[in-house]
Amino acid sequence: MAASMGHSVLAFEPMDFNLRYLLTSLEANKLSHNVTLYQNTVSNVAGIRMGMRAVSETLRGDFKVSAEGEEVGEGGLYGMDFVESVRLQDVVQQDVLLLKINVEGHETRVLDGAKALFCNRIVTAVTFPFQHARADRKCPPERVLCWMEEIGYRISSLEPPDASLPEEDLAPQDFAAYPAQLLLSLRNPLLPPALRLDLQGAWSNPCRTHMKPGGAADPFYEPYKIRWCSYQFIEHRHTMTPCFGWGDLTTEDQRLWKPLKCDAMLGFDCGAWSLDAAHLRSTLASLANVPPQVQQHVEDWLGKNGHLYGLAEGSAKLEDSVQMGNVQQGGEGGEGTLGAGEIVGGKDLPDSPSKDGLAAEFGEDGENKDLIDYDDASYGSGDDWLYN
């Protein structure tokens, strides 16, 4: 579903039998160009030869892999007798719209092997079945879910008939009574948790050991800082005048605005009470998925408030047309290309593709699982496009 809507998809399928059917389906539906397949099992350890065994005499695609620590010996056929494990944080190098996991009870191990991904990227939502994962004592679900909540994820139910977010969150300590299907959603989908927690001065930052070498000042986080500052400015433009007044910007966001140096990033010089209007325009024009009306919003704001920063009447108007195009903010890894149904096994992993977003599906039973499109999700009022 995600691939048919133009999203890039990474899929992991260990078993050769299921993989062949998946490839046939992708080719028949002309979706191979949007999907990259990895013939690996996903876990919290990498590079382990893990045995595979059938669990049904009638369903050839129904199987289980050996638990971590039960590495198999030499011999056998890859994808039939054994497969090699990978960690998500070693493979995925970009933001994720939806991470869908279904690995027959190993779900919390997949989450545990993606901590650096969750800390340094924007993983908007995660869905997975919980009925088998709750019994995993080698990777206790309560420990993993508490960690996810601590870095900023909301835990809720995804069970029918109402799959919308419930009014009340699920508490990690009540995991034994959790429903069969869970949804983890990132409360602040603009800043990576590692950066946000560091800037907030969190006494206990679970992401501290996973941050980039330069900490909050590392150039890796620069595109996220620009995006956050720009989106806050646009969303609060009706009441906010940088250097003069916060308007309706929340207290929590005010405490992020200053350490992010949003004023200077957008072209405001609070010491000189001045504004580089051209810099403001170009910064906002560089954002991805900006609708055309934002250009007019900026010009209206400049026309109303430009005099506060010493801009002469008329100079705040757009002189050289700056089109708000769909310019993708570059991140680590840059843009890649997707192979047509490419299969990757073992440690030979290609660079992850980069596009509007990324949805990853994990499965062992070969079922056709639908992916939720979070491109249409709203996380605030007013300009919902800010969070798409």
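Let me sum up the structure you'll find in this document. As the structure is a prediction and not an experimental result, all values here were calculated from the model.

### Looking at the overall build of the chain
Secondary structure summary: the chain contains 11 helices and 14 strands in total. A buried classification covers 53% of the 388 residues belonging to the chain. Contacts in the chain between residues at least 24 apart in sequence constitute 74% of all its contacts with a sequence separation of at least 6. About 18000 Å² of surface is accessible on the chain, with carbon and sulfur atoms providing 50% of the total.

### Focus on helix α11 (residues 293–305)
Over its 13 residues, α11 extends 18 Å from the first C-alpha to the last, a length consistent with the 18 Å expected when each residue adds 1.5 Å. Within the span of α11, buried status applies to Val294, Gln295, Val298, Glu299, Trp301, Leu302 and Asn305. Across the axial projection of α11, the buried residues extend over an arc of 160°, all falling on one side. Exposed and facing more than 90 degrees away from the buried side of α11 are Gly303 and Lys304. Buried residues along α11 sit against α7 (222–235), β11 (268–269), β12 (274–275) and α10 (277–285).

### Quick word on the packing of α10 against α11
For any two helices packed against each other, the geometry comes down to the angle between their axes and how far apart the axes lie. α11 packs onto α10 with a crossing angle of 160° between their chain directions and a minimal axis gap of 11 Å. Classified by the angle their axes make, α10 and α11 are roughly antiparallel. For the pair α10 and α11, the crossing hand works out as right-handed. Where α10 abuts α11, its residues Ala277, Leu280, Arg281 and Leu284 lie against Val298, Glu299 and Leu302.

### Some remarks on the state of the cysteines
Scanning the entire structure with this criterion turns up three disulfides. With a sulfur-sulfur separation of 2.1 Å, Cys119 is cross-linked through a disulfide to Cys207. For the disulfide bridge between Cys119 and Cys207, the dihedral angle about the S-S bond is near -80°, and by the sign convention the bridge is left-handed. Highlighted residues: Cys119 in helix α4 (residues 115–120) and Cys207 in the loop between α6 (193–199) and α7, separated in sequence by 88 residues. Pair check on accessibility: Cys119 and Cys207 agree, each one buried. Linked covalently through their sulfurs, Cys229 and Cys262 form a disulfide whose S-S length is 2.0 Å.

### Some details on α7
Here α7 contains 14 residues, and its C-alpha end-to-end distance of 20 Å stays within 8% of the 20 Å for a straight helix at 1.5 Å per residue. The buried fraction of α7 amounts to 13 of the 14 residues, a majority that puts the element mostly inside the structure.

### Here we look at unusual backbone geometry
Leaving glycine out, the prevailing phi sign among residues is negative, and the prevailing peptide bond configuration is trans. At Lys30, a residue that is not glycine, the phi angle is positive and equals roughly 55°. Mapping Lys30 onto the fold places it in the loop between α1 (16–28) and β2 (35–39). Positive phi, close to 80°, is recorded for Cys243, a residue that is not glycine. Within the fold, Cys243 resides in the loop between α7 and α8 (251–257). The class for Cys243 is partly exposed, based on a relative accessible area of 23%.

### Thoughts on the pairing of strand β10 (residues 181–186)
Across the six residues of β10, five count as buried, placing the element largely inside the fold. Pairing of strand β8 (residues 123–129) with β10, which is carried by five bridges, proceeds in the antiparallel orientation. Paired with Pro129 across the strands is Gln181, a residue of β10. By the bridge criterion, five bridges tie strand β9 (residues 153–157) to β10 in an arrangement that is antiparallel.

### Let's talk about the packing of α7 against α10
Relative orientation of the contacting elements α7 and α10 amounts to 110°, with a least axis distance of 10 Å. Comparing the axis directions of α7 and α10 gives the class roughly perpendicular. Residues Ile226, Ser230, Phe233 and Ile234 of α7 pack against Leu280, Thr283 and Leu284 of α10. The class makeup of the residues in the contact of α7 with α10 is five nonpolar, two polar and no charged.

### Topic: a nonpolar patch on the surface
Residues Phe244, Trp273 and Leu308 make up a contiguous nonpolar surface patch of roughly 280 Å² in combined accessible area. Take Trp273: it is sitting in the loop between β11 and β12.

### So, the packing of aromatic side chains
To describe a pair of aromatic rings, one takes the distance between the centres and the angle between the planes. Taken as a whole and judged by the stated rule, the model has 16 aromatic pairs. Pairwise contacts between aromatic rings join Phe233, Phe244, Phe268, Trp273, Trp301 and Tyr309 into one cluster. Sitting over the face of the ring of Phe220, Lys212 holds its NZ or CZ atom 4.6 Å from the ring centroid.

### Side note on the pattern of salt bridges
Per the stated rule, a full pass over the model turns up five salt bridges. One salt bridge in this structure joins Asp90 and Arg87, with 2.8 Å as the shortest N-O distance. Classification of Asp90 by relative accessible area gives partly exposed; the value is 36%. In this structure Arg87 comes out as partly exposed when scored by relative accessible area, which is 26%. Taking the shortest distance from any N to any O, the salt bridge between Arg281 and Glu299 comes out at 2.8 Å. You can see Arg281 sitting in helix α10 and its partner Glu299 sitting in helix α11, a full 18 residues away along the chain. An identical accessibility class is assigned to Arg281 and Glu299; each is buried. One salt-bridge network, held together by shared partners, links Asp112, Lys115 and Arg143.

How each quantity is defined
- Residues numbered from 1 in each chain as written.
- Predicted model: local features only at pLDDT ≥ 70, side-chain atom pairs only at ≥ 80, totals over all residues.
- Heavy atoms only, no water.
- Helix = DSSP H or I, 4+ residues; strand = E, 2+ residues; numbered from the N terminus.
- Buried < 20%, exposed > 50% of the residue type's maximum accessible area, 1.4 Å probe, protein only.
- Contact = heavy atoms within 4.5 Å.
- Areas by Shrake-Rupley, 256 points an atom, 1.4 Å probe, with all protein chains shown as cover.
- Expected span 1.5 Å × (residues − 1).
- Arc of directions from axis to C-beta.
- Axes fitted to C-alpha atoms, helices over the stretch in contact; angles between N-to-C directions.
- Parallel < 35°, antiparallel > 145°, perpendicular 65-115°, else oblique.
- Left-handed = near helix turned anticlockwise from the far one by under 90°.
- Disulfide = S-S within 2.5 Å.
- Pairing = 2+ DSSP bridges.
- Nonpolar A, V, L, I, M, F, W, Y, C, P; charged D, E, K, R; others polar.
- Patch = residues over 30% accessible without salt bridge, like charges linked within 9 Å, V, L, I, M, F, W, Y side chains within 5 Å.
- Salt bridge = Lys/Arg side-chain N within 4 Å of Asp/Glu carboxyl O.
- Phe/Tyr/Trp six-rings, centres within 6.5 Å; stacked < 30°, edge-to-face > 60°.
- Lys NZ or Arg CZ within 6 Å of the ring centre and 35° of its normal.

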